[in-house]
Amino acid sequence: MNLSISLTVNGVRRDVELADPRVTLLDLLRERLQLTGTKKGCDRGQCGACTVLVDGRRINSCLALAASHDGADIVTIEGIARGEELHPIQAAFIAHDGMQCGFCTPGQIMSAIGLIGEGQAGDDPERVREGMSGNLCRCGAYSGITDAVLEAQKSLVKTDQGRAA
Amino acid sequence: MKNFDYVRPATISDAVAAASESGAAYLAAGTNLLDLMKGGIAGPSRLVDVTRLPGLDRIEHLADGGIRIGALVRNADLAHDPDFARACPAVVEALLSGASAQLRNAATVGGNLLQRTRCGYFYDPASACNKRQPGAGCDARDGENRLHAILGWSNACIATHPSDFCVPLVALDAVVEIEGKTGRREVALEALHRLPGDTPERDSVLDPGDLIVALRLPGEARTFSAHARYLKIRERTSFAFAVVSAAAALRIEQGTIRDARLALGGVAAKPWRARAAEKILAGARPDRAAFRRAAETALADAKPSGDNQFKIELAQRILVRALSLAAAGTPARMPALPASPFSSQIRSFA
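Everything numeric in this text was worked out from a predicted model, so none of it was measured.

The rules we used
- Residues numbered from 1 in each chain as written.
- Chains lettered and ligands numbered in written order.
- Predicted model: local features only at pLDDT ≥ 70, side-chain atom pairs only at ≥ 80, totals over all residues.
- Helix = DSSP H or I, 4+ residues; strand = E, 2+ residues; numbered from the N terminus.
- Rg over C-alpha atoms; globule rule 2.2 N^0.38 Å.
- Pairing = 2+ DSSP bridges.
- Axes fitted to C-alpha atoms, helices over the stretch in contact; angles between N-to-C directions.
- Contact = placed C-beta atoms within 7 Å.
- Nonpolar A, V, L, I, M, F, W, Y, C, P; charged D, E, K, R; others polar.
- Domains from an automatic or database assignment.
- Buried ≥ 20, exposed ≤ 12 C-beta atoms within 10 Å, placed from the backbone.

### A closer look at the overall build of chain A
Point 1. Of the regular secondary structure elements, chain A holds five helices and five strands.
Point 2. When the helices and strands of chain A are read in sequence order from the N terminus, they spell out β-β-α-β-β-β-α-α-α-α.
Point 3. Compactness check: chain A gives a C-alpha radius of gyration of 16 Å against a globular reference of 15 Å for 165 residues, within 12% of the reference.
Point 4. Each principal axis of the C-alpha atoms in chain A carries an extent, and together these give about 50 × 40 × 30 Å.

### Notes on the sheet that holds strand E1 (residues 5-7) of chain B
All names here are of chain B.
Point 1. Strands sit in the order E1-E3-E2 across an open sheet of three strands; the sheet is parallel. Of all the strands in the sheet, the pair left with one neighbour each is E1 and strand E2 (24-27). Strand-to-strand twist in this sheet, taken as the mean axis angle between neighbours without regard to direction, amounts to 25 degrees.
Point 2. Sheet topology note: the E1/strand E3 (residues 46-49) ladder contains three bridges and is parallel. Residue Tyr-6 lies in a different strand from E3, and its bridge partner there is Leu-47.

### Observations concerning the interface of chain A and chain B
Point 1. Contact with chain A, which involves 29 residues of that partner, is made by 25 residues of chain B.
Point 2. If you list the elements that add at least two residues to the side of chain A that touches chain B, you get strand E4 (57-60), helix H3 (105-118) and helix H4 (125-131) of chain A.
Point 3. Within the side of chain A that touches chain B, the residues separate by chemical class into nine nonpolar, ten polar and ten charged.

### Looking at the domain arrangement of chain A
Residues and elements named next belong to chain A.
Point 1. Partitioning chain A into domains gives domain 1 (3-79) and domain 2 (88-160).
Point 2. Contact with domain 1, which involves 15 residues of that partner, is made by 13 residues of domain 2.
Point 3. The biggest single contributor to the side of domain 1 that touches domain 2 is strand E3 (residues 51-54), with three residues.
Point 4. For the side of domain 1 that touches domain 2, the per-class residue count stands at six nonpolar, six polar and three charged.

### Looking at unusual backbone geometry
Point 1. Its identity is not glycine, yet A:Asp55 carries a phi of approximately 50 degrees, on the positive side.
Point 2. Inspection of the secondary structure assignment puts A:Asp55 in the loop between E3 and E4.
Point 3. Of the residues examined, A:Asp55 has 13 C-beta atoms within 10 Å and is grouped as partly exposed.
Point 4. If you check the backbone angles, B:Phe239 has positive phi at about 55 degrees while not being a glycine.
Point 5. With respect to the helices and strands, B:Phe239 occurs in the loop between strand E9 (228-233) and strand E10 (244-253).
Point 6. Here B:Phe239 falls in the buried class, since 21 other C-beta atoms lie within 10 Å of it.

Here it is in structure tokens:
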């Protein structure tokens, strides 16, 4: 059974034929679209390495059936920088050493973008840690990750206020 | 993962027809089902994708004060609905203490109710499990069972229902609306999930093709909004199932409890309403002695199913704590760690 779906991935429309319906959104991104920045960690929704934005919301792409997301707007780690200019969260992760081996980092950054968009955490480190609990880091870079999210949130809120003014 | 047919019907009646055939399963977000399919625990021959069905993604405030929540409303959207949060703060606290932000963004209300009652042996195809394979036996009985059921279990199965969301819902008399082959019907949430008995393979009373279309809270639910909490003990601070949990909702007038609603999570194959304990609290003063009496009553029939005797005392203590916090009043803002008895905030002893 062949299924045709189309997605918008990082602003570009992609039409994909699926040979069978078992393909997850994660495998579609990595294997069919060669967007390997999104990582496969546990593949069971427990580690968060596969986090992407679907219609603006962070989800685990490993537990999302691609066929069910026909028509969705997807943003992955490859789609957040503007050319050579890093996204403020990418820059903050570097500034605060929010990583060691880097494997979980794309998922952490996409999750942080989702968290800030949700607007629930504010400047409270405990709320940031709770909001990021779906992303595991085996190297234990949590302290730097929390600092990076807090700083990025501050700069993003300032930018928004600047734009509004 | 076993292959399957994928269909995406446009109407509820087409969905019910497509899912009534043997081997079919509904797919909403798939956060539990795809996990089970990847593990070889579930192997539906057909997935009926209900995510595009019209009209199931709304939160409606009814004329009688009740609230009707479409089955496809995402857990996060319900939790962040300000009107719902004002009416049912303990339900929101439970929602926000469940899973992770990514899963809450995807998972639906209907799917949360119908996630499998499960344990580690259910998830391990190499272990004997009556729920996965009727008649196979239960390796949990002689295995690692410190987190298993203490109420309502049978020799066939000692797994617990993992939902946090369902615990305050069952306390507040939630009802599910079901569309099936013979039309629409309603079932009290308390009666939706089954105790294992000799047939643990059936988690709920639903028949093939039955589709939950909405969840409804009666108008009375909001009368508890000033004194309502959900509290949950986990083995790590966040993103973990309950060891035990408790929902406590009180209506307090002139220093006396007029009505109490209590339910426990992590203790049985279903969210566990504690009606006898509620009766003890009605008319009592909200003090620790009354809370302890209620907690003892709630766990009076509990018995360990393995190395989990400790859960009986722990459940009583979490119930007393939930009642104390509920009596003190629903916090104006959701705690940073929803449902947690812990906080990393440093207390000032000045």
